Amino acid sequence: MSEEEILFQQRIDAELKVEPKDWMPEKYRQNLIRQISQHAHSEVIGMQPEGNWITRAPTLHRKSILLAKIQDEGGHGLYLYSAAETLGISREELVQALHSGAAKYASIFNYPALTWADMGAIGWLVDGAAIVNQISLQRTSYGPYARSMVRICKEESFHQRQGYHIMMVLMQGSQEQQAMAQDALDRFWWPSLMMFGPHDAESANSTQSMKWKIKRKSNDELRQKFIDQSVKQAEVIGLKIPDPALKWNKAREHYDFGKIDWDEFARVIKGDGPCNRQRLQHHIRTHNEGAWVRDAVAAYEAKHKKQPTRAA
Ligand code: BYC
């Protein structure tokens, strides 16, 4: 290790934040760009399954909540792209990496949102899983990433509650509504567990990311925390978690749970999930359609650089 690397690790060990202009190992920078940009892509691609339901929300009230939530997700993407850009990469390069398939986004968004109850399941489980992960990321070692997480967590907490509320109201409704809520849980439960990534022993990036305190808790620790909290939430409103192996383990003080289908996970992250092609094509099409907006902003900026206003 070089002297610079030793000093860098000492700062990390002392819980000091790394800021954009500080010296950092190239691999730290690359690893952060990978994680933050994939996080940003997830927020933006995650707008699609919910966007599918804006025109079909059951009431005006639900529609305005859903619209606000989806706009928040777009905002999260923007904070995260900005945090990634402080590491010396452009927005265009980040978007290109998404479009070429070089950069991933969360596997969960490659599943379809088939019924209104899916809006409940996504808010409750997907945002719920995201918060569990992001609370730990508030203490990540890179300053801009950690600070963006603070605001994002506050908003995700509202998202999670609105999703749980949708499920609660459906469970107080007709038999059909209850069945619709249970069906959404059945389809989203296992993909939600996959959001935390492979088991620790299979996680290629974890050892280095934990040493650099980019990640503060392991994939398995976070997954377990999410399962423990969700089981109780399901029970309260009368939903059944679709896992026959789920059982409270007194000695561990955690729930034991069944086997995750890692073959399915591998297929989805390689681009072969139920909606991968549709999600990416939609993003590419809307990005291309928005080219005129980016051109107009650039032209406006160039004009004002050449002709400063009188006040300036
Ligand atoms: N999906 O070494 P590992 C949201 C990849 S969105 C796809 O354990 P790491 C929301 C992983 O990238 C929330 N790929 O990786 C928005 C790696 O491949 P690469 C999104 C996955 O990074 C709208 C390989 O598998 N949250 O909140 O140490 C509506 C090996 O994995 C997944 C974040 O992005 C996956 N699920 O740990 C509602 C949080 N899991 O990159 C909600 C920030 C793993 O080497 N990210 N892979 O090619 C993280 O905390 C970490 O990156 C992960 C994975 C825990 C996700």
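Everything numeric here is computed off the predicted structure, so don't read it as measured data.

In this structure, what is going on with unusual backbone geometry? I would like to understand it.
Where the residue is not glycine, phi is negative for most of them; where a peptide bond is considered, it is trans in most cases. The phi angle at glutamate 15 is positive, at roughly 65°, despite the residue not being glycine. Here glutamate 15 falls in the partly exposed class, since its relative accessible area comes to 42%. The phi dihedral of glutamate 253 is positive, around 55°, even though this residue is not glycine. Secondary-structure assignment places glutamate 253 in the loop between β1 (247-249) and β2 (254-256).

Can you help me understand the nonpolar core in this one?
Nonpolar side chains in soluble globular proteins generally cluster together in the buried interior. With 51 residues, the main nonpolar core has Met119, Trp124, Met167, Trp189, Phe226 and Leu239 as its most contacted residues. Broken down by secondary-structure element, the contributors of at least two residues to this core are α4 (60-85), α6 (117-137), α7 (143-171), α8 (175-194), α10 (219-237) and α11 (262-272). Per element, the largest residue contribution to this core is nine residues, and it comes from α6. Sequence-distant contacts of leucine 239, that is, excluding residues within four places in its chain, are made with Trp124, Met167, Met171, Ala181, Gln182, Leu185 and Ala234. Ranked by size, the runner-up nonpolar core spans 24 residues in total, among them Val18, Tyr28, Ile33 and Val44.

Just to check I follow, could you spell out the site of the ligand for this structure?
Lining the immediate environment of the ligand, one finds 34 residues, of which Arg34, Lys104, Ser203, Asn205 and Lys215 sit closest. Lysine 215 is positioned with one of its side-chain polar atoms (N or O) 2.6 Å from an oxygen atom of the ligand. In the complex, the protein chains occlude 90% of the 1,100 Å² of accessible area that the ligand would expose alone. Put simply, the parts of the chain that give the shell around the ligand at least two residues each are α2 (26-45), α4, α6, α7 and α11. In terms of residue class, the shell around the ligand is made up of 14 nonpolar, 12 polar and eight charged.

What is the right way to look at the side chain of serine 192 in this model?
The topology assignment puts serine 192 in helix α8. Under the relative-accessibility criterion, serine 192 is labelled buried at 0%. Setting aside its immediate chain neighbours within four residues, serine 192 contacts Ile108, Leu125, Val126, Ala129 and Phe226.

Looking at this structure, I do not really get the packing of aromatic side chains. What am I missing?
To describe a pair of aromatic rings, one takes the distance between the centres and the angle between the planes. Under the defined criterion, the tally for this structure stands at nine aromatic pairs. Ring geometry for tryptophan 124 and tyrosine 164: centres 5.8 Å apart, planes at 50°, overall tilted. Here the residue tryptophan 124 occupies a position in helix α6, and tyrosine 164 occupies one in helix α7, the gap between them amounting to 40 residues. A relative accessible area of 1% means that tryptophan 124 is categorised as buried. Here the aromatic rings of tryptophan 248 and tyrosine 255 are separated by 5.0 Å at their centres, their planes lie at 70°, and the arrangement is edge-to-face. On the basis of relative accessible area, tryptophan 248 is assigned to the partly exposed category, the value being 41%. Residue classification places tyrosine 255 among the buried positions, given a relative accessible area of 11%. Put simply, the rings of Phe8, Trp23, Tyr28 and Trp212 touch in pairs and so form one group of aromatic residues. Above the face of the tryptophan 53 ring, arginine 56 is positioned so that its terminal group lies 4.1 Å from the ring centre.

I tried to follow the pattern of salt bridges on my own but got confused; where do I start?
Should the charged atoms of two oppositely charged side chains come close, the side chains can pair. One pass over the structure, following the stated rule, counts 17 salt bridges. The partner of arginine 151 in a salt bridge is glutamate 155, and the shortest N-O contact between them spans 3.5 Å. You can see arginine 151 and its partner glutamate 155 sitting in helix α7, four residues apart, about one turn around the helix. Classification of glutamate 155 by relative accessible area gives buried; the value is 18%. Members of the salt-bridge network, linked through shared partners, are Glu50, Lys69, Glu73 and Asp127.

Explanation requested: the packing of α4 against α7 in the structure shown.
A pair of packed helices can be characterised by two numbers: the angle between their axes and the separation between those axes. Orientation of α4 relative to α7, taken along the N-to-C sense of each, is 160°, at an axis distance of 10 Å. On the basis of the axis angle, α4 is roughly antiparallel to α7. In this structure, α4 crosses over α7, and the sense of that crossing is left-handed.

Even after reading the chapter, I still don't get a nonpolar patch on the surface, so can you show me in this structure?
Judged by side-chain polarity, Trp292, Val293 and Val297 come together as a nonpolar surface patch covering roughly 330 Å² of accessible area. Structurally, valine 293 can be placed in helix α13 (residues 291-306).

Rules of the game
- Residues numbered from 1 in each chain as written.
- Predicted model: local features only at pLDDT ≥ 70, side-chain atom pairs only at ≥ 80, totals over all residues.
- Heavy atoms only, no water.
- Buried < 20%, exposed > 50% of the residue type's maximum accessible area, 1.4 Å probe, protein only.
- Helix = DSSP H or I, 4+ residues; strand = E, 2+ residues; numbered from the N terminus.
- Core = buried A, V, L, I, M, F, W, Y, C linked by side-chain atoms within 4.5 Å.
- Contact = heavy atoms within 4.5 Å.
- Near = heavy atom within 4 Å.
- Polar contact = N/O pair within 3.5 Å; in protein donor to acceptor, adjacent residues only side chain to side chain.
- Areas by Shrake-Rupley, 256 points an atom, 1.4 Å probe, with all protein chains shown as cover.
- Nonpolar A, V, L, I, M, F, W, Y, C, P; charged D, E, K, R; others polar.
- Phe/Tyr/Trp six-rings, centres within 6.5 Å; stacked < 30°, edge-to-face > 60°.
- Lys NZ or Arg CZ within 6 Å of the ring centre and 35° of its normal.
- Salt bridge = Lys/Arg side-chain N within 4 Å of Asp/Glu carboxyl O.
- Axes fitted to C-alpha atoms, helices over the stretch in contact; angles between N-to-C directions.
- Parallel < 35°, antiparallel > 145°, perpendicular 65-115°, else oblique.
- Left-handed = near helix turned anticlockwise from the far one by under 90°.
- Patch = residues over 30% accessible without salt bridge, like charges linked within 9 Å, V, L, I, M, F, W, Y side chains within 5 Å.

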